[in-house]
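One-letter residues, chain by chain:
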Amino acid sequence: MSGSGYPWPVNDIRVLLAEDQGMMRGALALLLGMEDDIEVVAQVSTGDAIVEAALLHRPDVALLDIELPGISGLDAAAVLREQAPGCRVLILTTFGRPGYLRRAMEAGAAGFLVKDGPVEELAAAIRRVLGGETVVDPALAAAALSAGPNPLTAREREVLKASVDGATVADIAGRLHLSESTVRNYLSSAIGKTGTRNRAEAVREARQQGWL
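So, here is what we can say about the structure in this document.

About the cut-offs
- Here, residues in each chain are numbered from 1, in the same order as that chain's written sequence.
- Confidence filtering applies because this is a predicted model: local features only for residues at pLDDT of at least 70, side-chain atom pairs given and counted only at 80 or more, and all residues used for totals across whole chains, interfaces and linings.
- As a rule here, side-chain values cover all heavy atoms of the structure and leave hydrogens and water aside.
- Helix numbering and strand numbering both begin at the N terminus, where a helix is a DSSP run of H or I of at least 4 residues and a strand a DSSP run of E of at least 2.
- Atoms counted for the radius of gyration: C-alpha only. Globule rule: 2.2 Å times residue count to the power 0.38.
- A simple rule labels every residue: compare its accessible area, found with a 1.4 Å probe on the protein chains alone, to the largest value its type can have, and call it buried under 20%, exposed over 50%, or partly exposed in between.
- Throughout, a contact is declared for two residues whenever any of their heavy atoms are within 4.5 Å.
- With residues, only the protein chains shown are counted as cover, and all accessible areas are computed by Shrake-Rupley using a 1.4 Å probe.
- His is not counted, nor are the chain ends; Lys and Arg add positive charge and Asp and Glu add negative charge.
- Each charge is placed at NZ for Lys, CZ for Arg, CG for Asp and CD for Glu.
- Strand pairing is assigned whenever DSSP identifies at least 2 bridges connecting the two strands.
- Angles here are taken between N-to-C directions and fall from 0 to 180 degrees, while the axes themselves are lines fitted to C-alpha atoms, restricted in helices to the stretch in contact.

1. Some remarks on the overall build of the protein chain
Of the regular secondary structure elements, the protein chain holds 10 helices and 6 strands. What you see for the protein chain is a C-alpha radius of gyration of 19 Å, in line with the 17 Å of a compact globule of 212 residues. Taken along its principal axes, the extent of the C-alpha atoms in the protein chain is 65 × 35 × 30 Å. Burial analysis of the protein chain (212 residues in total) assigns 45% to the buried set. For the protein chain, long-range pairs separated by at least 24 residues make up 65% of all intrachain contacts whose partners lie at least 6 apart in sequence. Accessible area for the protein chain stands at about 10400 Å²; split by element, carbon and sulfur atoms hold 52% of it. Between the centroid of the 21 positive side chains of the protein chain and the centroid of its 27 negative side chains there is a distance of 8 Å.

Okay, structure coming up:
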């Protein structure tokens, strides 16, 4: 088994791949498929398709991008923890943001890597998380420790997310079933915690930090 590094036969590691960019998804599937002990059993392009594919194909490891159409890879990881606890989650993203790492760990992910590493490193990480290890990009781990925790509450994050498309306070209130004064309070608090001047800047800063 040249790809696995094991001297004895092992069953193929079944991998689900969630990536919205078709070329990247195809390249990853092809490269991982060249490993002797890894089989990509499912490929999806949206966050909404992750859980259904996992329940259907029963992968050992789900390799998830963060920013996907529909729900994010981080949100899908949290659902997988509940509905497919036997599936280990490895987050693979372009954006090495400290806030993303913290949210990934909170969602039950077993690993977090950025996409600029070699495929051999990714294959090794897949084997390691399946073996029970936690695998995190070292530079990102150090940055997350220095950055501190996410200052935003779940409700503040929810209100900021609801405002990204230029929605009015009334729109947000209706969408989240909150009063307009409550929405204003959450927005004001989020603006203060992000050290910004308005909600557009607060959204931008929260995204940059990986808090949304």
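2. Focus on the sheet that holds strand β3 (residues 61–64)
Pairing is parallel in the open sheet, where 6 strands are placed in the order β2-β1-β3-β4-β5-β6. Of all strands in the sheet, those bounded by a partner on one side alone are β2 (38–44) and β6 (135–136). Bridge analysis of strand β1 (residues 13–18) against β2 gives 6 bridges, and the strand direction is parallel. Following the sheet pairing, Ile13 is matched in β2 by Ile38. Each of β1, β2, β3 and β4 (88–93) touches helix α1 (residues 22–33); the most contacted strand, β2, lies at about 165° to it. Packed on one face of the sheet, helix α5 (residues 119–130) meets β1, β2, β3, β4, β5 (111–114) and β6 and runs near 155° to β4.

Functional significance is not addressed by these values, which are geometric in nature.
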